[in-house]
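Each chain, written out:
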Amino acid sequence: MLTEADRRRLDALHIRIADASGASLGYPSAKDFDYSDLAHFLQYPINNVGDPFAEATYRVETREFEREVVSFFADLFRAPADDWWGYVTNGGTEGNLYGLYLARELLPKGVVYYSEHTHYSVSKNLHFLGMRHIMIRAQESGEIDYEDLRETLKIHRDVPPIVFANIGTTMTEARDDVRKISGIMDSLAMRDRYIHSDAALDGAFAAFLDPRPHYDFADGADSVAISGHKFIGAPIPCGVVVARKRNVQRIAHAMREHHVVHRIPAERPRRTERLAERIDHRPPELLQQLKGGPLHQAALGVRRRHLRHRALDQRIEVQRRHVDLTRHQLGKKEIAKIDKALGLDSERLHILEQWLRD
Ligand SMILES: Cc1ncc(COP(=O)(O)O)c(C=O)c1O
């Protein structure tokens, strides 16, 4: 229950918002919408957790509708049949972040090229993702300067290009021509490349323009993002991103491997290793003399750690080859088999097993 003071405060807020909206022209966000038919859904904790195309365990969800929305935009963006994937985002920024993230995972050495008229959220995304980037001049209209792009790409022919194309710049709604960009990369024989279309502003209507702007999958884009609360108009920030499914699957696969390998602390502390090597080469008699003392204890500790890391490194190598084998999934027998194959002797095995129990 609201207190009287809270109610008055909310009423005042309502008046202020209504006034401000009345004075707003509706650019870039449209305001001529009426979602009152959906208002009653606001009483539920609806959440489409994760992939809209995967099975959900949480039942308060609307994935069927999300799939329909994404599928509508995949068609609009002429995504290749059976080779697209996407989801409803929280806005253009997130869709662009996803596109850039995919590009980074596919082309870790890639450099991002984008025009000086690109939305400011993109440089935040690039910073966030730690991607190398080069700003390209824009023409007066706001469209990217293709000559500057070509010359800059030429200088950096040794690194895969990731072009971030604007499909409707923030100030002038200028559109970069994805087909031209793709053609420039073709002419420079740059095969490993990625193009993301930031269609935050124009993506929802560009397909209906005549002539149709070159911005989608058929023109050479690898992902397209739109913002739902701009041209379409929505009271809650939202957007859509669509990408090539095979790319999404490639990075999902790489992530699974990464996850398996990195669940185990794989770092090998250099100092420990050097110390361990020195101890390894001490004559046994000397170690015998030191037995029981604090140095001996320390030496044993170092040695154990060294062996543990060495064994773990080997185990990780095995895991790399047998992607799905995690130490948690392995039974004792399999562990013993692998250790035998790796030539781990009983002392090492004992140390390793002890560590595994830690
Ligand atoms: C061209 C462009 N890209 C990206 C964005 C960011 O979109 P959002 O506000 O939906 O995160 C905007 C927002 O105005 C934009 O105009």
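Going by the structure above, here's the rest.
Computed from a prediction, not measured in an experiment: that's the story for all the values here.

**Student:** Even after reading the chapter, I still don't get the overall build of the protein chain, so can you show me in this structure?
**Tutor:** Along the backbone of the protein chain there are 12 helices and 7 strands. When the 358 residues of the protein chain are sorted by exposure, 30% land in the buried category. Across the protein chain, the fraction of contacts at a sequence separation of at least 24, relative to all contacts at a separation of at least 6, is 69%.

**Student:** Could you clarify how one ought to interpret the sheet that holds strand 2 (residues 111–115) in this entry?
**Tutor:** Remark on secondary structure: sheet strands pair via backbone hydrogen bonds, oriented parallel or antiparallel. The 7 strands lie next to each other as 1-7-6-5-4-2-3, forming an open sheet whose pairing is mixed. With partners counted over all chains shown, the strands left at the sheet margins are strand 1 (84–89) and strand 3 (132–136), one partner each. On average, adjacent strands in this sheet sit at an angle of 15 degrees to one another, irrespective of strand direction. Bridge count for strand 5 (residues 194–198) against strand 6 (residues 223–227) is 3 bridges, and the pairing is parallel. Pairing of His196 across the sheet is with Ser223, part of strand 6. Docked against the sheet, helix 5 (residues 146–155) engages strand 2, strand 3 and strand 4 (161–166), running at close to 145 degrees with respect to strand 3.

**Student:** Explain helix 4 (residues 120–129) here, please?
**Tutor:** Within an α-helix, residues lying three or four positions from one another point in the same direction, as the helix has 3.6 residues per turn. Buried within helix 4 are the following residues: Val122, Asn125 and Leu126. For helix 4, the angular spread of buried residues about the axis comes to 95 degrees, placing them on one side. Residues of helix 4 that are exposed and angled more than 90 degrees away from the buried face: Tyr120, His127 and Phe128. Against the buried residues of helix 4 lie helix 3 (92–106), strand 2, strand 3, strand 4 and strand 5.

**Student:** What is the right way to read the pairing of strand 2 from this model?
**Tutor:** The side chains of a regular strand alternate between the sheet's two faces. A large share of strand 2 lies buried, amounting to 4 of its 5 residues. Pairing geometry for strand 2 and strand 3, over 5 bridges, is parallel. Counterpart to Tyr114 in the pairing with strand 3 is Met135. Following the chain from strand 2 across helix 4 to the adjacent parallel strand 3, one finds a crossover that is right-handed. Pairing geometry for strand 2 and strand 4, over 4 bridges, is parallel. Following the sheet pairing, Tyr114 is matched in strand 4 by Phe164.

Conventions adopted
Residues numbered from 1 in each chain as written. Predicted model: local features only at pLDDT ≥ 70, side-chain atom pairs only at ≥ 80, totals over all residues. Helix = DSSP H or I, 4+ residues; strand = E, 2+ residues; numbered from the N terminus. Buried ≥ 20, exposed ≤ 12 C-beta atoms within 10 Å, placed from the backbone. Contact = placed C-beta atoms within 7 Å. Pairing = 2+ DSSP bridges. Axes fitted to C-alpha atoms, helices over the stretch in contact; angles between N-to-C directions. Arc of directions from axis to C-beta. Right-handed = clockwise from strand over helix to strand, strands pointing away.

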